[in-house]
Amino acid sequence: MRIQPRVEQIWDPPVAAARAWVADRVFPADRPLLDLGQAAPGYPPAAELRAHVAEVIRRDDSAGYTPAAGLPHVRAAVADHLGGVYGAALDPAQVLVSAGCNEAFCLAIDALAGPGDEVVLPVPFYFNHDMWLRARGVTPVYLPCEPADGLIPDPTRLDGLLTTRTRAVVLVTPNNPTGVDYPAHVVEAFRDRCAARGVALLVDETYRAFRADDDPPHGLLADPGWDDTVVVLTSFSKSLALAGYRAGALVGHPDLVRVAVRLADCVTICAPRPAQEAVAFGLGQLDGWMTERRVDLLDRVERFRSALAGSDAGYELLASGAFFAYVRHPFHGETAERVACRLAVEQGVLTIPGERFGPGQDRCLRLAFGNLAGAQIDAAVERLDPR
């Protein structure tokens, strides 16, 4: 048989590739492997949530299919939650509960674009977005984000990138890999330009629960007719620590949801019922727990900033926030992939090299803080110099 060339040419999963560097190594107990690669919580879901899921699993219907768009009360819970965040009245018909945010992105792209179409990605981008576009024959068009601008994309640069083939623009905020929380006026300016050209704006808010600011991230969903242009992609993998449960959502126009349901029915059929029930419980019962996790992650990022500022390893902090710090390494003449491999093998620190986040990123590394806390962060910074 012949492998489809578009799929053959995309990267291996970057986190798994990084872990493969140390797959055969045994690290001593007093110097364990420090994982700054996987962008997921290292802590478990709340005890109350786990107890609730255990009760769900004991039910006779726990292993059955659900409607492809999600259980009605879960769709309503997501609509109510986002409506509260944005001061908007959302209809459950605007919600599709997906098996994680990656699936929500894939469904949205497949509903909006096909081979030969174009989708704009700010660089640095989230690697799975670029991988999926390329696998589907959709051309990614890159909008560079400059360190001088705080790695915030400039909406005025969008004008020269939109063509008759452009079907969507993707923003990830807070950003993966940089951690930057895009200002509301920037997101809204992207929406205005997309609306004027009949282009969808996909806003991936996987890390929204870990913003430093308590104000709504933007005012998009409070505008009448917002869903003519905007698609919100969200995840509960981080906010409720449900990464392995696979729980996310696509929120947009009911017509988009209707079409996305057809695609979901061909892939996962539905998000797992226990995961959906975990989301409904968590959104209704765990506001305080989520706030504590948010404060903890923000403290971890601040501790990293302080530790790096006191280090003489020569790394430049380009941006940080939410789960991440994005740094420029000091080793001139070496690619980020080479540096990341040496850090893993020689120093026992997993990072993701900048090449996986787009062109021009080969001096950068992404560091994620879900797996480390306290003194482990200090230890990671001490090990960042593999010389």
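As a reminder, the structure under discussion sits directly above these lines.
On a predicted model such as this, the values are computed, not experimentally measured, just so you know.

**Structural notes on unusual backbone geometry**
Here the bond from Val123 into Pro124 is cis, since omega is 10°, no more than 30 degrees from zero. When you line up the elements, Pro124 lands in the loop between strand S3 (118-123) and helix H6 (127-135). The amide bond that connects Thr173 to the next residue, Pro174, takes the cis arrangement and shows omega of -10°. By secondary structure assignment, the location of Pro174 is in the loop between strand S5 (166-172) and helix H7 (184-197). At Arg246, a position not held by glycine, the phi torsion is positive, near 70°. The topology assignment puts Arg246 in the loop between strand S7 (230-235) and strand S8 (248-251). In the Ramachandran plot, Ala322 falls in the positive-phi region, its phi being about 50° despite a non-glycine side chain. On the secondary structure map, Ala322 appears in the loop between strand S9 (316-321) and strand S10 (324-328).

**Topic: the environment of Phe304**
Among the structural elements, Phe304 can be located in helix H10 (residues 287-309). If we skip the residues at most four places from it in the chain, Phe304 touches Leu317, Ala325, Val327, Leu367, Phe369, Ile377, Val381 and Leu384.

**Notes on the pattern of salt bridges**
Inspection of every chain in the model, using the stated rule, returns 25 salt bridges. Note that Arg258 is salt-bridged to Asp255, the shortest N-O span being 3.8 Å. With Arg258 and Asp255 both in helix H8 (residues 254-267) and 3 residues apart, this pair spans about one turn of that helix. Owing to a relative accessible area of 44%, Arg258 belongs among the partly exposed residues under this scheme. When salt bridges that share partners are traced, they join Arg59, Asp61, Arg273 and Glu277 into one network.

**So, the sheet that holds strand S2 (residues 95-98)**
Overall, mixed pairing links the 7 strands, which are arranged S2-S8-S7-S6-S5-S3-S4 in an open sheet. The open sheet has two edge strands, S2 and strand S4 (139-144), and neither has a second partner. Averaged over all pairs of adjacent strands, the angle between strand axes in this sheet comes to 20°, irrespective of strand direction. Across 3 bridges, the pairing between S3 and S5 is parallel. When the sheet's bridge partners are listed, Val119 is paired in S5 with Ala168. Against the sheet, helix H4 (residues 72-86) contacts S2 and S8, and its axis sits at roughly 110° relative to S2.

**Observations concerning the pairing of S7**
The buried fraction of S7 is high, at 6 of 6 residues. Burial along S7 is two-sided: the residues Val230, Val232 and Thr234 and Val231, Leu233 and Ser235 are all buried. Note: strand S6 (residues 200-204) against S7, 4 bridges, orientation parallel. Within S7, the residue paired with Leu201 across the bridge is Val230.

What counts, and where the lines are drawn
- Residues numbered from 1 in each chain as written.
- Predicted model: local features only at pLDDT ≥ 70, side-chain atom pairs only at ≥ 80, totals over all residues.
- Heavy atoms only, no water.
- Helix = DSSP H or I, 4+ residues; strand = E, 2+ residues; numbered from the N terminus.
- Contact = heavy atoms within 4.5 Å.
- Salt bridge = Lys/Arg side-chain N within 4 Å of Asp/Glu carboxyl O.
- Buried < 20%, exposed > 50% of the residue type's maximum accessible area, 1.4 Å probe, protein only.
- Pairing = 2+ DSSP bridges.
- Axes fitted to C-alpha atoms, helices over the stretch in contact; angles between N-to-C directions.

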